[in-house]
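# Commentary on secondary and tertiary structure
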Number of protein chains: 2
Amino acid sequence: MKKLHYLVIIFFATFANAQNVQSLSKNISLDFKLSSDGKPTYSVSYKSKICINESTLGITLKDIPALESGFSVINQEIKTVDQPWHPVLGEQSTIENKYNQITYFLLQKETGRKINIVFKVYNEGVAFRYEFPKQENLNYFIISDEKTQFNLVGNHKTFWIPGDFDSQEYAYNETLLSEINTENINKNNGIGVKSIAGKYTVQAPLMMKSNEGIYINIFEAAVVNYPVMHLDLIPNQYKLTSHLVPNAIGDKAYLQTPAVSPWRTIMMSDDARDIVGSKMILNLNEPCKLDDTSWIKPMKYVGIWWEMHVGKSTWDYAGSQNAQNAADGTMKPSGKHGATTENTKRYIDFAAKNGFDGVLVEGWNVGWEDWFGNWKEDVFDFTTPYPDYNLKEINDYAKSKGVKMIMHHETSGSVANYERHLDRALNLMKEYGYPAAKSGYVGKIIPRGEFHDGQTMVNHFNFVARRFADYKLMINSHESSRPTGYSRTYPNYIAAEAARGNEFNAWSIGNPPMHETILPFTRLLGGPMDYTPGIFEIKMSYYDPKKTEQVHTTLAKQLALYVTMYSPLQMAADLIENYEKYPDAFQFIKDVAVDWQDSKYLEAEPGDYLTVVRKEKNGERWFLGAITDENARTTEIKLDFLTPNKKYQAIIYQDSTTAHWKNNPISYVIKTIQVTSKSKIKLNLANGGGTAISFKPIN
Amino acid sequence: MKKLHYLVIIFFATFANAQNVQSLSKNISLDFKLSSDGKPTYSVSYKSKICINESTLGITLKDIPALESGFSVINQEIKTVDQPWHPVLGEQSTIENKYNQITYFLLQKETGRKINIVFKVYNEGVAFRYEFPKQENLNYFIISDEKTQFNLVGNHKTFWIPGDFDSQEYAYNETLLSEINTENINKNNGIGVKSIAGKYTVQAPLMMKSNEGIYINIFEAAVVNYPVMHLDLIPNQYKLTSHLVPNAIGDKAYLQTPAVSPWRTIMMSDDARDIVGSKMILNLNEPCKLDDTSWIKPMKYVGIWWEMHVGKSTWDYAGSQNAQNAADGTMKPSGKHGATTENTKRYIDFAAKNGFDGVLVEGWNVGWEDWFGNWKEDVFDFTTPYPDYNLKEINDYAKSKGVKMIMHHETSGSVANYERHLDRALNLMKEYGYPAAKSGYVGKIIPRGEFHDGQTMVNHFNFVARRFADYKLMINSHESSRPTGYSRTYPNYIAAEAARGNEFNAWSIGNPPMHETILPFTRLLGGPMDYTPGIFEIKMSYYDPKKTEQVHTTLAKQLALYVTMYSPLQMAADLIENYEKYPDAFQFIKDVAVDWQDSKYLEAEPGDYLTVVRKEKNGERWFLGAITDENARTTEIKLDFLTPNKKYQAIIYQDSTTAHWKNNPISYVIKTIQVTSKSKIKLNLANGGGTAISFKPIN
């Protein structure tokens, strides 16, 4: 990796009663002080207005005194850092990483124990974490709770989902802080395993907007060897406190000094684009630990997947969803099995013909007869195909067509079983030349009593990324804990789901039109999401007249999502026969890049709209994605991001004038025009609609 | 495997109100009936005297109605079985397996659920289990408790240890049933992790003797996918009830129909030799599932192990027992590390010179600096040697000397970590040609909240045996749940510890002289134990004058243990330099066989004495072991087991007339005499002493 320039200015200062550090922009100001009883506290201002009121910091420990009070500052260190870096895959080829940092070295006299609190003040927010340095009086320890406060100053508009230990697959609620109540949500939402922590517990990232128009986002970064942090609200006081996800016996984290907590982040700006475009979460993670990253490649793929969601085929061979039938050898094929050699070849042919990199096949391996809802431990072995799925034949065929197969590892939540088989599973992938796998964690976790978001599972997801890296394989995890930037450190962790994906539209109340305007302000801050866009047959009545489910979108919006939902791994999720019916619209999916030289967020309002343009890496094409919520929207975009004095062919994929996500979703218009950097384009987005544009230089 | 003759007579009968089945010997009689409210009950008589009073049977389930009452018998099946088999390794080349079996097919009308209760009546006892057949109304289910009663009829003398979810490493208490109280035992007994279930909870096998001289043993067999069963006592009523070991969240077992419980066993006889020599537990397990067992070989071995227990060397390289020192790269060798290349070569030389098959080396791999007591997850990787241990050099050297290295896998209780690394660990073993490993589970289990004896860990130990078998490797587990005959099914599960082994004598209150007279009636019923006998330097003051610990034995008794404590894997546990000081006594350890054509228990009284003779497999030599408790003992043994009309040279290794386990333990006499099958030999065992004899035919 090329050495980047690196600027650090360090100076030490004696600690006054209170201390102030500003962002380089001077917009953000952090204050730290100890209370009279030695409790660490902090507050944050944005443009001289308090954004986080005085909030305490602290950790309680199992069986030994808490690290909450009785502290004195024994030293402090201030530095300015400017360390840009080049992601292997990303929204930009270079990511800026500039901040002022202050570390407070604290001593708890009564116990002789030391902790450090480190603040990094970026232009778009503040991050801080606890450090537990190596010391005689603290070696192994168990965190029973973290008492980090975020005391907000008003009854902000908030986009929230319940604080659930097992799932983030919720649609967002848009209410005032004071109106948060997880008991009021529609629980009939298609989520398989729900473990909601409390009435007033919500998940981070928590996106808010104050009455004064300040956007505030609370999240965390670099969750490594630590549980996920949810947030407990005291509704009328607008106070949030960290709520760590427990393990099977109620403990939160097992650590050994030297150790660090994840970073707690508070982003704020009066321009929403600063939040949605922030790379703070990635910046707060460790740099890439892989020497060789040449094998990490972006991928556009199709797959045998949506056809199971729409009910055309089944994951399991016997179709009975009952493994009792398998146990005595009477498993009979239902004829509806999706993952057959024949069907897979059809997808390989399509991928080859249309320039896709890969084909994902779910339901290829034995175990799907009773994978779901049984808390079964020995459910899959990750190496045994069904009788109608010929591993060798398929992989040979894919190779002959220049297409890569994407492996699928559904764990059913039985993580102990997956870890037991992981080396074997990865050896199989290497044997057949699979470059990547999609994993799944639908179900209650085994080891039983653990949650998807506890330290054990956080460690599992990170372990899997590292183990895949050992084999030079990429991993895309579904139903994992939500990423917090680990893909910077292990860029083979190419994508994750960890939010409510597109498939919920196929068989549940689905995702409302505003859903995709919020995800970039929340889930996507932590890393790429495999949202699986590109559904052209939007209404499920297409498959079965009795069905009323649909994707809450227009077709044009599905195209725009390839730009607005950043991921270096993008699926064209619909059935390939549906793409063949709309070849003109499909052209955009064929064209769109998945790895980027640069990205610009032109317009952004969480819950309302988003307009992004991105320039492909190693090329001169630009792509625009614009989406709106349930409201139609008209806007005008300046094309000043284009290279001056260069002509471009712009192909515009837009909603027709009569398009509407509910009444007329597949109605779109495609037009081709010439533009330059001085041009403006007027966008007309239907209700629940979007626009996608490709810009290609004309020689 | 050779086909054995197989005799089964089946007949069906209609169910009367009560039903009686007898053993083939007619000594044992089982009665089964349903109570007025449809509760299954049973009772057992021995020689027409009630041995188990009417006791109920039942299972409670999580979230759904119990399988306890409301049953009717819808069918029953009786058969007589005679299925002898040949163990791969064992005490006999042929094991008799004869019993009468009755199965009651029960229907619970209210729920439509069915269970079967199967009884096997052997000549030495009764076994029964619950079967959960495949059925529509019961698929996946969770056992919240098992309510199996064993209602005894008197205040028997009992050899008991506390019902502990994490350990069986207790010395036995010999009291009346009514005197059982786990709070009264000495807890300062050197056991690392204790989880005692209750004041009146004890472990099986529970060995008892009635006032009338009936020996009664309650145990279980074929614990597979089920937790260990402890026993709750109502002291004044002499009633025992099954107490299943819970998992992290209090559940007992996760099953799917068709499923079976382990066998619950009640052995009884007026001759203690029938109990100690019983193969009922093995018989109740599934036959061997391995097609090729040619790679499963008995082993006699020495190793780098006892020197750590006596304090001569350390397991860890840095000697600090603090991995903080390792974390920052400052790990410095202490100079006391036992597992060095040089020391290992010394053991290899010794093994080669004295005809031992293998050398075990503990402490060879990185992680021992803070392996103990920290509940640390990523403690060992099972593949990285310390810098002073050259894997290749050692294995090449061993190969050149015709000696096999025995791998060591200490898990520190971090089972999740072990399973994650198991394939890698076993690949390493294959790479270097290790035929077997010893594993260890000292510490609290990870996944946290699990116990050594829960279903999860039972499954782990059985999984490890199977996974080792995949690689044609043998496994000897220490601190596992106690075996219940799984070595019949996977004979590569060559031995286990799972009881208080010899090493406790080195650094704790140790094992009283009667200890080894009880283990064959308890722990050894379930399979071979790696007790690690052969300690010649009996008093720890030899190593450090300040030490008062000692093995509670004479030297001659240590020799006798090679015969009385059956195992196809036997360690000569002492330092090799100690053997070099007593070459005459050591000759017996060199000579003694470890796999047997036949075994005869000549004398047996639990807690007092045991005399066993065994004939080697593929040879004509016999070996005798006789041990006593703290009392001296004189007895006369008829040699009528020897082949008639053949002369034998008998080398007798016996306590000197002044020997005494405490005052004079290393005092022994060796004499050689000629004997025939008509000879008698008088044995004089010192207090805590023993006699070992080898019989070799004279041409």
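Fair warning: this is a prediction, and the values are worked out from it, not measured in the lab.

Relative to chain B, chain A is turned by 180° and slid 0.0 Å along the rotation axis, the superposed coordinates differing by an RMSD of 0.0 Å. What we have between these two chains is a two-fold relation. Interface overlap between copies: 100% of the residues of chain A at the interface are likewise at the interface in chain B, consistent with a symmetric, same-surface contact.

By size, the foremost hydrophobic cluster in this structure holds 202 residues, and its most contacted members are Tyr42, Phe119, Phe132, Ile143, Ile266, Met268 and Phe468 of chain A. Filtering out sequence-adjacent residues up to four positions away, methionine 268 of chain A remains in contact with Ile28, Val44, Ser45, Tyr46, Cys51, Glu124, Gly125, Val126, Ile214, Tyr215, Ile216 and Ile275 of chain A. In terms of nonpolar packing, the next biggest core, distinct from the first, is built from 201 residues, Leu30, Ile115, Ile218 and Met529 of chain B among them.

The next point concerns the environment of histidine 408 of chain A. All names here are of chain A. Locating histidine 408 in the fold gives a position in strand β25 (residues 404–410). Beyond its immediate stretch of four places on either side in the chain, histidine 408 contacts Leu360, Val361, Glu362, Gly363, Trp364, Trp368 and Lys438. At a separation of 3.2 Å, a polar atom in the side chain of histidine 408 contacts the side chain of glutamate 362.

A word on the packing of helix α5 (residues 341–354) of chain B against helix α6 (residues 391–400) of chain B. All names here are of chain B. For the pair α5 and α6, interaxial distance at closest approach is 10 Å and the crossing angle is 10°. As far as their axial angle goes, α6 and α5 are roughly parallel. By crossing handedness, the relation of α5 to α6 is classed as right-handed. Within the contact between the two elements, α5 uses Thr341, Thr344, Lys345, Ile348 and Asp349 and α6 uses Glu393, Ile394, Tyr397 and Ala398. Looking at the contact of α5 with α6 residue by residue, the classes come out as four nonpolar, two polar and three charged.

Okay, the environment of tyrosine 531 of chain B next. All names here are of chain B. Its place among the elements puts tyrosine 531 in the loop between α11 (515–518) and α12 (555–564). Taking the C-alpha atoms as reference points, tyrosine 531 and alanine 498, 33 residues apart in sequence, are found 9.3 Å from one another. Tyrosine 531 has contacts with Arg500, Gly501, Asn502, Asn511, His515, Glu516, Leu519, Leu561 and Met565, leaving out every residue within four places of it along the chain.

Below, the discussion takes up the confidence of the model for chain A. Residue and element names in this part refer to chain A. With 96% of its residues at a pLDDT of 70 or more, chain A has an overall mean of 95. Here residues 1–5 is modelled with pLDDT under 50, and outside its nearest four sequence neighbours on either side it reaches eight contacts, counting other chains as well. Two summary scores accompany this predicted model of the complex, namely pTM at 0.95 and ipTM at 0.94.

Attention shifts here to helix α8 (residues 455–470) of chain B. All names here are of chain B. Its 16 residues place the ends of α8 22 Å apart at the C-alpha level, agreeing with the 22 Å of an ideal helix rising 1.5 Å per residue. Along α8, the positions that sit buried rather than exposed are Gln455, Met457, Val458, His460, Phe461, Asn462, Phe463, Val464, Ala465, Arg467, Phe468 and Ala469. Note on α8: the residue one or two positions beyond its end, lysine 472, has a positive phi of about 55°.

Residues and elements named next belong to chain A. Spatially, β6-β11-β20 is the arrangement adopted by the three strands of the open sheet, whose pairing is antiparallel. The open sheet terminates on both sides in strands that have one partner only, identified here as β6 (59–61) and β20 (253–256). Neighbour-to-neighbour, the strand axes of this sheet turn through a mean angle of 45°, independent of strand direction. Pairing between β6 and strand β11 (residues 140–146): three bridges, direction antiparallel. When the bridges of β11 are listed, isoleucine 59 appears paired with glutamate 146.

With 35 residues of chain A at the interface, the matching set in chain B holds 36 residues. Across the chain A/chain B interface, buried area totals approximately 2900 Å², and carbon plus sulfur atoms make up 44% of it. At the boundary of chain A with chain B, the tally comes to six salt bridges. Of the charged contacts in the structure, one is a salt bridge between arginine 424 of chain B and aspartate 423 of chain A, with a shortest N-O distance of 3.0 Å. At the surface where chain A touches chain B, the tally comes to 11 residue pairs in polar contact (both at pLDDT 80 or more).

Quick look at the sheet that holds strand β11 (residues 140–146) of chain B now. Residues and elements named next belong to chain B. Spatial strand order, β6-β11-β20: three strands in an open sheet with antiparallel pairing. Each having just a single partner strand, β6 (59–61) and β20 (253–256) make up the two edges of the open sheet. Taking each pair of neighbouring strands and ignoring which way they run, the sheet shows an average axis angle of 45°.

Residues and elements named next belong to chain B. Throughout the structure, instances matching the rule amount to 76 salt bridges over all chains. Its salt-bridge partner being lysine 62, residue aspartate 251 comes within 3.0 Å of it at the nearest N-O pair. Taken together, the residues aspartate 251 in the loop between β19 (239–244) and β20 and lysine 62 in the loop between β6 and β7 (71–82) connect sequence positions 189 residues apart. Judged by relative accessible area, lysine 62 falls into the partly exposed class, the value being 29%.

All names here are of chain A. Mapped onto the elements, threonine 111 comes out in the loop between β8 (98–108) and β9 (113–122). Overall, the relative accessible area of 18% leaves threonine 111 in the buried class. When the C-alpha positions of threonine 111 and leucine 138 are compared, they lie 9.4 Å apart, and in sequence the two are 27 residues distant. Discounting residues that sit within four places of it in the chain, threonine 111 has contacts with Pro65 and Asn137. Only 3.1 Å separates the side chain of threonine 111 from the backbone nitrogen of arginine 113, close enough to count as a polar contact.

Moving on to the side chain of serine 487 of chain B. With respect to the secondary-structure elements, serine 487 of chain B resides in helix α9 (residues 486–489). Residues in contact with serine 487 of chain B, not counting those within four places in the same chain, are Leu282, Tyr493, Gly527 and Pro528 of chain B.

Residues and elements named next belong to chain B. Where α12 meets helix α14 (residues 583–591), the axes come as close as 10 Å, and the angle between the chain directions of the two elements is 10°. On the basis of their axis angle, the class for α12 and α14 is roughly parallel. Across the interface between the two elements, Leu555, Leu559, Tyr562 and Val563 from α12 touch Ala585, Phe588 and Ile589 from α14.

Rules of the game
- Residues numbered from 1 in each chain as written.
- Chains lettered and ligands numbered in written order.
- Predicted model: local features only at pLDDT ≥ 70, side-chain atom pairs only at ≥ 80, totals over all residues.
- Heavy atoms only, no water.
- Least-squares fit on C-alpha atoms with pLDDT ≥ 70 in both.
- Contact = heavy atoms within 4.5 Å.
- Core = buried A, V, L, I, M, F, W, Y, C linked by side-chain atoms within 4.5 Å.
- Buried < 20%, exposed > 50% of the residue type's maximum accessible area, 1.4 Å probe, protein only.
- Helix = DSSP H or I, 4+ residues; strand = E, 2+ residues; numbered from the N terminus.
- Polar contact = N/O pair within 3.5 Å; in protein donor to acceptor, adjacent residues only side chain to side chain.
- Axes fitted to C-alpha atoms, helices over the stretch in contact; angles between N-to-C directions.
- Parallel < 35°, antiparallel > 145°, perpendicular 65-115°, else oblique.
- Left-handed = near helix turned anticlockwise from the far one by under 90°.
- Nonpolar A, V, L, I, M, F, W, Y, C, P; charged D, E, K, R; others polar.
- pLDDT = per-residue confidence, 0-100.
- Expected span 1.5 Å × (residues − 1).
- Pairing = 2+ DSSP bridges.
- Buried area = accessible area lost by both parts, 1.4 Å probe.
- Salt bridge = Lys/Arg side-chain N within 4 Å of Asp/Glu carboxyl O.

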